[in-house]
Amino acid sequence: MRAMLQGSPERRASSLLRVKRLWAPWRLEYVQHADEGGECIFCRAAALPEDEPELVVHRGELAFVLLNKFPYASGHLMVAPYRHGSAFDDLEDAEALEVQRLSVAAIEALRAIFAPEGFNVGWNIGRVAGAGIVDHGHLHVVPRWNGDTNFMPVLADIKVIPEHLLETRRKLADAWPKR
Ligand SMILES: [Zn+2]
């Protein structure tokens, strides 16, 4: 108890906030160049009639869910409104509600398939904060396991979707909660 009371309030707060960060070096190049091609991956994925090419897991009314091709961890999902130019701080009420509900469903599906021990759920706002696509808001749902800071899959060729991502997409789509 005495140890907990030591140090300045700022110092105690900073140690409470210190969480282990996932080391995902393969994301760096992606984050630096993701939106240089001019085409928004969220708009492309939303417009495609097929789910597989862009790993769409679930399509809602105002928002949809897709697997990240440059994941922080297995099963790294993104929830995005269909509206290009949407951002965390300008969502319509109905969009915000659907993004919230889809995130909860994503957690449920991920629990059913991967049994993670925890999740990081959040928005990267601005490139400095890690956003690869800055003009189309999206929420990350990242499953976490004890010791996963050492997790490092090998994504040899990012132009070809690795088979395990297609398999994961199918499993999550099948496990998506029916309501
Ligand atoms: Zn877009």
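Residues numbered from 1 in each chain as written. Predicted model: local features only at pLDDT ≥ 70, side-chain atom pairs only at ≥ 80, totals over all residues. Heavy atoms only, no water.

Description of the coordination of the zinc ion
Point 1. Around the zinc ion, the protein supplies C40 (SG), C43 (SG), H84 (ND1) and H136 (ND1) as donor atoms, at distances of 2.0 to 2.3 Å.
Point 2. Viewed at the metal, the four donor atoms of the zinc ion are separated by angles of 102 to 119°, and the geometry they form is tetrahedral.
Point 3. Of note, the donors binding the zinc ion are all from one chain and are spaced C-x2-C-x40-H-x51-H.
Point 4. Looking at C40, the relative accessible area reads 12%, which means it is buried. (Donors = N, O, S within 2.8 Å, 3.2 Å for Na, K, Ca; no water. Tetrahedral: all angles 85-135°; square planar, octahedral: opposite > 155°, others 65-115°. Buried < 20%, exposed > 50% of the residue type's maximum accessible area, 1.4 Å probe, protein only.)

Examining the pattern of salt bridges
Point 1. Under the defined criterion, the tally for this structure stands at eight salt bridges.
Point 2. Here E54 ties to K69 by a salt bridge, and the two come within 3.1 Å at their closest N and O atoms. Here E54 is found in the loop between helix 4 (41-47) and strand 1 (56-59), whereas its partner K69 is found in the loop between strand 2 (63-67) and strand 3 (77-81), with 15 residues between them in sequence.
Point 3. Residue K69 is classed as partly exposed on the basis of its relative accessible area, which comes to 23%.
Point 4. Here the salt bridges share partners, and the residues they tie into one network are E39, R44, E54 and K69. (Salt bridge = Lys/Arg side-chain N within 4 Å of Asp/Glu carboxyl O. Helix = DSSP H or I, 4+ residues; strand = E, 2+ residues; numbered from the N terminus.)

Side note on helix 5 (residues 93-114)
For an α-helix the count is 3.6 residues per turn, leaving residues at separations of three or four pointing the same way.
Point 1. Its 22 residues give helix 5 an end-to-end C-alpha distance of 31 Å, which sits within 8% of 32 Å, the value for a rise of 1.5 Å per residue.
Point 2. Close packing links the buried residues of helix 5 with strand 1, strand 2, strand 3, strand 4 (118-123), strand 5 (139-144) and helix 6 (163-175).
Point 3. Once helix 5 finishes, A115 follows within two positions and takes phi at roughly 45°, a positive value. (Expected span 1.5 Å × (residues − 1). Contact = heavy atoms within 4.5 Å.)

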